[in-house]
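Single-letter residue listing:
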Amino acid sequence: MNELKTKWFEGISKECPLPEYPRPQLERADWICLNGEYDYAITSENAEKPQSFDGKILVPFAIESAASGVQKHLSPEERLWYRRTFKLNEKFNGKRTILHFDAVDWQCSVWVNSVLMGEHTGGYNPFSFDITDVLKEGDNELVVKVYDPTDSGHQQRGKQVHKSKGFWYTPTSGIWQTVWLEPVNYCHIESIKLTPDIDKGVIGVKVNHNCDCSGKLFAKITDGDKTVFDGEISAEAKIPVPDAKLWSPETPFLYDLYITLECDGEKDEVKSYFGMRKYSIMKDSKGWPRLALNNKPYFQKGLLDQGYWPESQLTPPCDEAMIFDIAEMKKLGFNMLRKHIKVEPARWYYHCDRLGMLVWQDMVSGGQYIGTMLAGALPIFSIHVKDNIYKAFKRDKPEWREEFKQELWEMIDNLYNSVSICCWVPFNEGWGQFDALEIGKKIKEIDPSRFVDHASGWHDQKGPDFKSMHRYTVPVTAPTRFTRRGRPFVLSEFGGYSWNIENHVWNKDRSFGYMMFKNSEKLSAAYRHLHEKQIFRLIEKGLCATVYTQVSDVEFEVNGIYSYDRKVLKIDKNVLIDINSKLTY
């Protein structure tokens, strides 16, 4: 049992961890957080609801994590059960009650008061049930059953494996994001979609609601104490934002937005926010295509960010821990994080929005390992394979491909309003890749306001929007004009320089890294040399963005800028700040 912990571990509340409102861009005044201690049991796959339970588990931490209080492995032949009771307060009187799960890995069934509310498949997207009709006065019982085959299955699982090693990590089974209750009117706002247009000076607002009567919609936009707009709108409107303050990492200004639905004398009001910004591609004076922000070329200097924590794995131990990673990287001069093969809680994106940090959002990879030829040998020689060979890429069953696409569209829809997300990354290094050209084009059709890295690293299908390269240990060279095909050139993974620090490492005897160094001085010098000898010269050859590996160590990987416990900054901060100041057009 590993004992590595962050400074936030001791402060995790046993009553209600992660108690903050979980959905900052569609916020209502009333809600109940259901995080806390649940009864848990592990049974065989065909077992009915257990009559007795094995002990207590702290939700929303996965059963394998130390923070859960259990730290047990769930096998594919087993099922994980949760049970707790809850009471409603007077705010729920006369309302519909929505039960929200922000993420459960992987497949689950949900009962309230012994009535099956529904089932859900997919470990990274939120879902909800209207449980009003089965509720009663006093205690109500919530029961959840979970199946998670991890790498024995085909599903989107990221880097989770039954036996962790190298860059493969401990599984995250069961509830791993916030569970909560929300009272709503019968007629209520279900979602909003926000699309800024700085060229026209408007914010596009699309409101989805379930009101089939004569309800009216109103919007109010504020800039601090100043009212920018206040009036009635249609369900799909373009609201003027005159002399808009533009959002950027340097000036992360956010407008507050209030949407009200009035129907039969009742009001449903939600609070949201937005930033006025534009992501685009433009040519510089030498004809190189460049990434642009707000109609100006903008170099993106980023880090791979896998979002793992030693005590709590995929679940951040607290809000402050999420803020730490974002704020510290910004202090060091980075302006972008590539959220790697993970979807974070909604509050993480909120903190990127308000603190000013660009985000590349990966889709979670799935499928079995594609083999050393496709995953290793061919990419070294820049040999790209057509990805419609479904069997070779372990995507041979049509239902597997459809499941991936459905979860991808859901992720984009759920995160669409995030101000900071500037790029979608559907596939990484060929893992589970299929039809990347078509999928990249479909993403651009769904969301033309952002970039797409359709095949990050390997097996380029000549799709939107980048010529995306990964380079570890071998020298970084610029791609030819032919392989770029008019696209911006991005170095979407590189570096991975490593240092194994005693007492701050997951496993000092089995640590993984691309190039090992003995101390901070040697590591910092190598980091500087890499940039000065290879990276800087590529900017004049069209390089538009860099993604260094990575924010922190993760389990056996020791190639982080920070140690896994976030207690040691491994590369000299002055070196990082100086290098980042020179990464610019």
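Bear in mind the structure is a predicted one, so any value in this text is a computation, not a measurement.

By the element assignment, aspartate 148 lies in the loop between β10 (140–147) and β11 (174–175). An unpaired buried charge is present at aspartate 148: no salt bridge exists, and arginine 157, the closest side chain of opposite charge, is 8.2 Å distant. Here the side chain of aspartate 148 touches threonine 150 through a polar contact of 3.2 Å, landing on its backbone nitrogen. Within the local environment of aspartate 148, its side chain forms a polar contact with the side chain of serine 173, the two groups lying 2.7 Å apart. The residues contacting aspartate 148, other than those within four sequence positions of it, are Leu74, Pro76, Asp105, Trp106, Gln155, Gln160, Thr172 and Ser173.

The next thing to look at is the layout of surface pockets. Gaps left between atoms are located by rolling a probe of water-molecule size over the structure's atoms. Looking at the largest pocket, its volume works out to about 1200 Å³. Arg23, Pro126, Glu190, Ser191 and Asn414 are the residues nearest the centre of the largest pocket, which is lined by 46 residues in total. For the lining of the largest pocket, the secondary-structure elements that each account for two or more residues are β5 (96–101), β9 (127–130), β12 (179–184), β13 (189–197), β14 (202–209), α2 (346–355) and α4 (398–415). For the lining of the largest pocket, the leading source of residues is α4, giving seven residues. Class assignment for the residues of the lining of the largest pocket results in 24 nonpolar, eleven polar and eleven charged. By volume, the second largest pocket is sized at about 710 Å³.

Our next topic: the sheet that holds strand β17 (residues 236–240). Taken in spatial order, the three strands make up an open sheet running β13-β14-β17, and their pairing is antiparallel. Of all the strands in the sheet, the pair left with one neighbour each is β13 and β17. If you compare each strand with its neighbour and ignore which way they point, the axes differ by 25° on average. Pairing between β13 and β14: eight bridges, direction antiparallel. Within β14, the position partnered with aspartate 197 by the bridge is valine 202.

Turning next to empty space enclosed by the protein. Applying the stated criterion across every chain, the model contains five cavities of 30 Å³ or more. Of the pockets and cavities examined, the largest cavity occupies roughly 140 Å³. What lines the largest cavity is a set of 14 residues, among which Leu18, Thr178, Met322, Pro345 and Arg347 lie closest to the centre. Considering only residue class, the lining of the largest cavity consists of seven nonpolar, three polar and four charged.

Turning our attention to helix α8 (residues 573–582). Every buried residue of α8 is accounted for by Val575, Leu576, Ile579 and Asn580. All buried residues of α8 fall inside an arc of 125° around its axis, so they share one side. Close packing links the buried residues of α8 with β23 (300–305) and α7 (520–539).

This model, assessed by the stated rule, comprises zero disulfides. Here cysteine 318 is not cross-linked by a disulfide; its sulfur's nearest cysteine counterpart is in cysteine 16, at 13 Å. Classification of cysteine 318 as buried rests on a relative accessible area of 14%. With no disulfide partner, cysteine 352 has as its closest neighbouring cysteine sulfur the one in cysteine 422, 11 Å distant. Take cysteine 352: its relative accessible area is 0%, and that puts it in the buried class.

Interhelical geometry of α7 versus α8 gives an angle of 0° and a closest axis separation of 11 Å. With respect to their mutual orientation, α7 and α8 come out roughly parallel. Residues Ser524, Tyr527, Arg528, His531, Phe536 and Ile539 of α7 pack against Val575, Leu576, Asp578, Ile579 and Lys582 of α8. Considered class by class, the residues forming the contact of α7 with α8 number six nonpolar, two polar and three charged.

Criteria and cut-off values
Residue indices follow the written sequence of each chain, beginning from 1 at its first position. Under the rules for a predicted model, residues below a pLDDT of 70 receive no local features and side-chain atom pairs below 80 are neither given nor counted, while totals for whole chains, interfaces and linings still include all residues. Note that water and hydrogens are dropped before the side-chain values are worked out from all heavy atoms of the structure. Only DSSP runs of H or I reaching four residues or more are called helices, and only runs of E reaching two or more are called strands; each is numbered from the N terminus. Each residue's exposure class comes from its accessible area (1.4 Å probe, protein chains only) as a fraction of the maximum for that residue type: buried when under 20%, exposed when over 50%, partly exposed otherwise. Working convention for charge: Lys and Arg count positive, Asp and Glu count negative, and His plus the chain ends are omitted. The term salt bridge refers to a side-chain nitrogen of Lys or Arg lying within 4 Å of a carboxyl oxygen of Asp or Glu. Whenever two N or O atoms come within 3.5 Å, that pair is a polar contact, provided that in protein one can donate a hydrogen and the other can accept it, and provided that, for residues adjacent in sequence, both atoms are side-chain atoms. In what follows, a contact means two residues having at least one pair of non-hydrogen atoms within 4.5 Å. Cavities and pockets were defined on a 1 Å grid built from protein atoms only: a cavity is a group of points that admits a 1.4 Å probe but offers it no way out, a pocket is an open group of points flanked by protein on both sides within 12 Å along at least five of seven lines, and a lining residue is one with an atom within 4 Å of any such point. Grid points are joined across faces, edges and corners, and a volume is the space filled by probe spheres set on the points. Polarity classes work like this: nonpolar for Ala, Val, Leu, Ile, Met, Phe, Trp, Tyr, Cys and Pro, charged for Asp, Glu, Lys and Arg, and polar for all others, with Gly in that last group. The rule for pairing is simple: two strands pair if DSSP sees at least two bridges between them. Here the axes come from fitting lines to C-alpha atoms, over the contacting stretch only for helices, and the angles between their N-to-C directions go from 0 to 180 degrees. Arc, as used here, means the arc of the directions from the helix axis to the C-beta atoms. Any cysteine sulfur atom paired with another within 2.5 Å is treated as part of a disulfide. Small angles under 35 degrees read as roughly parallel and large ones over 145 as roughly antiparallel, with 65 to 115 read as roughly perpendicular and the rest as oblique.

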